[in-house]
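# Descriptive analysis of the structure
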Amino acid sequence: MTADLPPLREVIARHGLSASKALGQNFLFDEQLLDRIAAIPGGLEGRNVLEVGPGPGGLTRALLRAGATVTAIEMDRRCLPALAEVEAAFPGKLKVIEGDAMKIAPADLFDGPYAVVANLPYNVGTALFTGWLSGETWPPQWSSLTLMFQEEVARRIVAEPDTSAYGRLAVLAQWRSKSRLAMKVHRSAFTPPPKVMSAIVHVVPGEAPEGVSMRVLERVTEAAFGQRRKMLRQSLKGVPGALDALEKLGIDPQRRAETLSVAEFVSVARELTPQK
């Protein structure tokens, strides 16, 4: 712990802070756990890190202790005085932006690559994640995503085909990235304890398959998993050309969406992507 900073519990008590249910907040106090989370992306010395929803700054402190230069986006102004204390303890290493991360483009914040490390607010976590994964330009500006989710969501991100958790999120996270479940976090680690367990997912960009539009892949997976109990011949009939693509690729239209591998979804999307 930096000598200038009192324990986080003390800071929260002094500023009269409590986790906001409306903002999906849950605070982490365990410094050892926070340091382990900050270590997941690898050495952060001298690297730029984007943190969303830092709250009073528990994970922020760990990232700064690891040597990162942190840009943190926080929309709860009650937390800003506590974050200002962290900023003062690490001069020139922390920039706090008050605002909604859903409305701020990271490209406007960084000139070069950055890593994202965040205990994401539960109510916007999936939307932010899919936004980072959905860019047509690849590889992205971010070098890795290290994100805390409810364990159920984390399992959907890393799910394999033919499992109940497998769906659009798995295809989106795996078709041109490598995703792994890096750590489980018990509900008792949080204040207040959420009703569910949490887990941290680590994602790094991979090679993007050629000739595939992100938008087309999203359309195909949305249709296929939107009616996941139906056969593909039913769920994909509203996507122009999709049934012809299945036939050309030798994919049985009587299969259901969860039985298709990520590679098979990519091959269908490639057939439907206008080639230059």
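Residues numbered from 1 in each chain as written. Predicted model: local features only at pLDDT ≥ 70, side-chain atom pairs only at ≥ 80, totals over all residues. Heavy atoms only, no water.

As a further point, take the overall build of the protein chain. For the protein chain, the helix and strand inventory stands at 11 helices and nine strands. Over its C-alpha atoms the protein chain spans a radius of gyration of 21 Å, differing by no more than 12% from the 19 Å that the globule rule assigns to 276 residues. Along the three orthogonal principal directions, the C-alpha set of the protein chain runs to about 65 × 40 × 30 Å. By residue count, 48% of the 276 residues in the protein chain fall in the buried class. Restricting the contact set of the protein chain to residue pairs at least 6 apart, pairs at least 24 apart contribute 68%. Looking at the protein chain as shown, the accessible area adds up to about 13100 Å², and 51% of this sits on carbon and sulfur atoms. The protein chain carries 33 positive and 30 negative side-chain charges, and their two centres are separated by 5 Å. (Helix = DSSP H or I, 4+ residues; strand = E, 2+ residues; numbered from the N terminus. Rg over C-alpha atoms; globule rule 2.2 N^0.38 Å. Buried < 20%, exposed > 50% of the residue type's maximum accessible area, 1.4 Å probe, protein only. Contact = heavy atoms within 4.5 Å. Areas by Shrake-Rupley, 256 points an atom, 1.4 Å probe, with all protein chains shown as cover. Lys, Arg positive; Asp, Glu negative; His and termini not counted. Charge placed at Lys NZ, Arg CZ, Asp CG, Glu CD.)

Taken domain by domain, the protein chain holds domain 1 (8–205) and domain 2 (214–272). Measuring from the centre of the C-alpha atoms in domain 1 to the corresponding centre in domain 2 gives 32 Å. Contact residues are listed per partner, giving 16 residues for domain 1 and 16 residues for domain 2. Each partner contributes to the roughly 1300 Å² buried at the junction of domain 1 and domain 2, and carbon and sulfur atoms together form 63% of this total. (Domains from an automatic or database assignment. Buried area = accessible area lost by both parts, 1.4 Å probe.)

What follows concerns the packing of helix H8 (residues 214–226) against helix H11 (residues 262–272). Between H8 and H11, the least distance of the axes is 9 Å, while the angle of their chain directions is 120 degrees. On the basis of the axis angle, H8 is oblique to H11. Of the two elements, H8 crosses H11, and the hand of that crossing is right-handed. Of the residues in H11, those touching H8 at Val216, Leu217, Val220, Thr221, Ala224 and Phe225 are Phe265, Val266, Val268, Ala269 and Leu272. The residue makeup of the contact of H8 with H11, split by class, is 10 nonpolar, one polar and no charged. (Axes fitted to C-alpha atoms, helices over the stretch in contact; angles between N-to-C directions. Parallel < 35°, antiparallel > 145°, perpendicular 65-115°, else oblique. Left-handed = near helix turned anticlockwise from the far one by under 90°. Nonpolar A, V, L, I, M, F, W, Y, C, P; charged D, E, K, R; others polar.)

A few words now on the side chain of Arg176. Among the secondary structure elements, Arg176 is positioned in the loop between helix H7 (168–174) and strand E7 (177–185). Within the buried core, Arg176 has no salt-bridge partner, and the shortest N-O distance to an opposite charge, that of Glu136, equals 5.6 Å. Excluding residues within four positions of it along the chain, Arg176 makes contact with Leu133, Ser134, Gly135, Glu136, Trp138, Pro205, Gly206, Glu207, Ala208, Pro209 and Met214. (Salt bridge = Lys/Arg side-chain N within 4 Å of Asp/Glu carboxyl O.)

Per the UniProt record, "binding site: S-adenosyl-L-methionine" (unreviewed entry) is annotated on Asn26, Leu28, Gly53, Glu74, Asp100 and Asn119. Mapped onto the elements of the fold, Asn26 is located in the loop between helix H1 (8–14) and strand E1 (27–28). Taking relative accessible area as the criterion, Asn26 reaches 15% and is therefore assigned buried. Relative to the helices and strands, Leu28 is located in strand E1. (UniProt positions renumbered as here; feature names shortened; annotations may be inferred.)

Our next topic: the pairing of strand E9 (residues 198–205). Across the eight residues that make up E9, a large majority, six, are buried. Examined bridge by bridge, strand E6 (residues 142–150) and E9 share six bridges and lie antiparallel to one another. When the bridges of E9 are listed, Thr146 appears paired with His202. Note that E7 and E9 share eight bridges and pair antiparallel. Residue pairing in the sheet places Lys184 in a bridge with Ala199 of E9. (Pairing = 2+ DSSP bridges.)

With that settled, the discussion passes to the pattern of salt bridges. Per the stated rule, a full pass over the model turns up nine salt bridges. Between Asp76 and Arg78 there is a salt bridge; the shortest N-O distance is 2.7 Å. Since its relative accessible area comes to 6%, Asp76 is described here as buried. For Arg78, a relative accessible area of 34% corresponds to the partly exposed category. In this structure, Glu151 engages Arg155 in a salt bridge whose closest nitrogen and oxygen atoms are separated by 2.9 Å. Highlighted residues: Glu151 and Arg155, both in helix H6 (residues 151–157), separated by four residues, approximately one helical turn.

Attention now goes to the sheet that holds E7. The strands that make up a sheet are held in pairs by hydrogen bonds between backbone atoms, and each pair lies either parallel or antiparallel. The sheet built from seven strands is open, its strands ordered E4-E3-E2-E5-E6-E9-E7 with mixed pairing. Across the chains shown, the open sheet's two edge strands, defined by having one partner strand only, are strand E4 (94–98) and E7. Pairwise comparison of adjacent strand axes, ignoring direction, gives a mean angle of 20 degrees for this sheet. In this sheet, strand E3 (residues 69–74) lies alongside strand E2 (residues 48–52) in parallel orientation, the contact comprising five bridges. Residue pairing in the sheet places Glu51 in a bridge with Ala72 of E3. Helix H2 (residues 31–39) contacts E6, E7 and E9 of the sheet and is inclined by roughly 170 degrees relative to E7. Against the sheet, helix H5 (residues 125–133) engages E2, strand E5 (114–119), E6, E7 and E9, with an angle of about 160 degrees to E6.

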